[in-house]
Every structure is written in C-alpha cells, then in structure tokens.
Amino acid sequence: MRHPFLTGAAVALATAVLAACGSADGPGDGGKKAEAGGKPSVAASPAPSVTGPAAGTTAPSPQKSGSTPKAPAGDITPATGSFTKKQEEYLTDRVPKGMDPAAVLQTGQETCDRLRYLVKADRDIAVGAIVSGEVPDAKPAVAHLCPQHQGLVDEAALGYADGTHEGAKVRPGRYTAASPTKACGWQLTGAGGKELDSGSSATGKAVEITVPESARTFTSTGCYAWLPQGDNG
C-alpha cells in the first residue's frame, strides 16, 4: 500500500526536478561536481517518482543478480565523458549487456532525489518509505551515490513493513507506526500461536507497540511501516 504522503510528495518533487532541468551536469564533466557536492554527475533525468517504479519511473529498475547477463566492468562507460569512482562502483554488476549504463545510474540518482526530498519533509516518512519498499534499492544507491543518507538505511533495516514476520525476524523492542493508515491493525503471537497482543487504530495517528522477547510472529496490516525506537537491535 502506498502512503498518501508519498503520492502528494511526488507532485511537489516532480515540480522541483523539472525546474532544475538544464542545470544538471552530465558524465562528461569528469564527476567533479559529484565528488564535491555528493550528487551523481549525470544529466538531469525526468521527474523521479516518489511512489516507486509502479508510478511510471522512466529509468529501468536494476536487474537482480542472475536474471540477465551483466556487462563487464570495463564496458561500463557513458556515451560521453566518464563516471566517477563511486558511480562505477554503483554500476558494477548492475548493467545488463547492451543497456546504456547512464540509464541504470539514473535509477540510483532518482532514489537519492526521493530520499533527499522526503527527509526534508519528515525523517520518519523517509525511513518508512525504505522499510515499506516505496523507495526501492535504497541500500546500494545510498552506499555509493548519497552516503549522507546512510543513517536512514541503517534504521530502516531494523523496522517492519506490513506483512507477517516470523522467527528470527521478530526482534524485541519498541516500535512506532509513525504514519499508519486508518485501517491499521497488528497482532503479536508467541509459541503455539498464543496471542500476546493485538490492536488497531482508525485515527491515522502514530501508534506504538512493544514486541516482547516471547514473540514468535508479528503481523501488521495497514500500518505502513514500524520504526525502531530507543536502543532496539
């Protein structure tokens, strides 16, 4: 389920990116501005979709390992200019043979653009977007193209998206659904399926739960994303 805030954010972000078109630098500048300002030095791309590929992102999604033969590292070069070292690292094992590597790089740039916009609006929403998968492939993009957002990725790794989580994936601690829908519901069960806690919220306001050590299954629906609080993990 896409979060309503992200749908509205897509419109504002599209406007901001379109306004910046024509001022972005391509790979041909040798990556100087990318190294100085932390932004990938590729040509301005179409407005990134805050709600992910399903909303019409123009750049192709990075291919999963083993699905399509990848171009050797030595063949990853832009049509003009050159990539920075960090851009090359991001592209390694991510460019299908015959595809323009700049198109794959654009996907990573758009991920960084989304995170930059979201974190300015609401940090919890930004983390939640990573947890829920609304901003896909955030981990590699952040690691190589916008490391200033590494804290968001680290926190998201300890959170829960809607769904059923079992066994070792259920970590004790306090969690908050910072922006649930009005159909948010959850259940915690222990050994033998014994219910430990359950609840729902029709207000759309933040709710908090505590996952006990005895929990074996955590199920969430309509809560969007649960973020760790305090010293969880």
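**Q** What is the right way to look at the overall build of the chain in this model?
**A** Helices and strands together make up the secondary structure of the chain, namely seven helices and six strands. For the chain, the N- to C-terminal ordering of α and β elements is α-α-α-α-α-α-α-β-β-β-β-β-β. Per-residue burial for the chain yields a buried fraction of 43% across its 233 residues. Of all intrachain contacts in the chain linking residues separated by at least 6 positions in sequence, the fraction that spans at least 24 positions is 70%. With an accessible surface of roughly 11,300 Å², the chain has 52% of that area assigned to carbon and sulfur atoms.

**Q** Is there a simple way to explain the state of the cysteines in this structure?
**A** By definition, a disulfide is the covalent link that joins the sulfur atoms of two cysteine residues. Summed over all chains, the structure comprises two disulfides. If one numbers only the bonded cysteines of the chain, in the order they occur, the disulfide pattern is 1-2, 3-4.

**Q** What exactly am I supposed to notice about the packing of aromatic side chains here?
**A** Centre distance and the angle of the planes are the two values used to describe a pair of aromatic rings. Tallied over the full model, the rule gives four aromatic pairs. Where Tyr160 meets Phe218, the ring centres are 5.1 Å apart and the plane angle is 90°; that geometry is what we call edge-to-face. Placement of Tyr160 in strand 1 (residues 160-166) and of Phe218 in strand 6 (residues 217-228) is noted, with a sequence separation of 58 residues between them. For Phe218, a relative accessible area of 0% puts it in the buried group. An angle of 65° between the planes, with centres 5.8 Å apart, marks the rings of Phe218 and Trp226 as edge-to-face. Taken as a pair, Phe218 and Trp226 share a single burial class, namely buried. Members of the aromatic cluster, connected to one another through ring pairs, are Tyr160, Tyr175, Trp186, Phe218 and Trp226.

**Q** Teacher, can you tell me more about the environment of Pro140 here?
**A** Within the element layout of this structure, Pro140 appears in helix 6 (residues 138-144). Relative accessible area serves as the criterion here: at 23%, Pro140 is assigned to the partly exposed category. Put simply, Pro140 and Glu89 are 51 residues apart on the chain and 9.4 Å apart in space, counted from C-alpha to C-alpha. In contact with Pro140, other than residues within four places in its own chain, are Tyr90 and Arg94.

**Q** What is the right way to read unusual backbone geometry from this model?
**A** Leaving glycine aside, a negative phi is the common case for residues, and trans is the common case for peptide bonds. Look at Asp93: it is not a glycine, yet its phi comes out positive at around 65°. Within the secondary structure layout, Asp93 lies in the loop between helix 3 (85-91) and helix 4 (101-121). A relative accessible area of 56% places Asp93 in the exposed class.

**Q** Just to check I follow, could you spell out the confidence of the model for the chain for this structure?
**A** Interpretation of this model should avoid reading the predicted coordinates in detail wherever pLDDT is low. When pLDDT is averaged along the chain, the result is 78; 68% of the residues meet or exceed 70. Taken together, the stretch residues 14-65 has pLDDT below 50 and engages in 107 contacts with residues farther than four places along the chain or on a different chain.

**Q** I'm lost on the pattern of salt bridges in this one. Help?
**A** Pairing is possible between side chains of opposite charge, provided their charged atoms come close. Applying the stated criterion to the full structure yields five salt bridges. Glu155 is the partner of Arg123 in a salt bridge, and the nearest nitrogen-oxygen pair spans 2.6 Å. Placement of the pair is Arg123 in helix 5 (residues 123-132) and Glu155 in helix 7 (residues 150-156), with a sequence separation of 32 residues. Given the relative accessible area of 37%, Arg123 is considered partly exposed.

**Q** What's the story with the environment of Tyr175 in this structure? I'm lost.
**A** With respect to the helices and strands, Tyr175 occurs in strand 2 (residues 173-177). In this structure the side chain of Tyr175 is engaged in a polar contact, spanning 3.0 Å, whose partner is the backbone oxygen of Arg171.

Parameters at a glance
Residues numbered from 1 in each chain as written. Predicted model: local features only at pLDDT ≥ 70, side-chain atom pairs only at ≥ 80, totals over all residues. Heavy atoms only, no water. Helix = DSSP H or I, 4+ residues; strand = E, 2+ residues; numbered from the N terminus. Buried < 20%, exposed > 50% of the residue type's maximum accessible area, 1.4 Å probe, protein only. Contact = heavy atoms within 4.5 Å. Areas by Shrake-Rupley, 256 points an atom, 1.4 Å probe, with all protein chains shown as cover. Disulfide = S-S within 2.5 Å. Phe/Tyr/Trp six-rings, centres within 6.5 Å; stacked < 30°, edge-to-face > 60°. pLDDT = per-residue confidence, 0-100. Salt bridge = Lys/Arg side-chain N within 4 Å of Asp/Glu carboxyl O. Polar contact = N/O pair within 3.5 Å; in protein donor to acceptor, adjacent residues only side chain to side chain.

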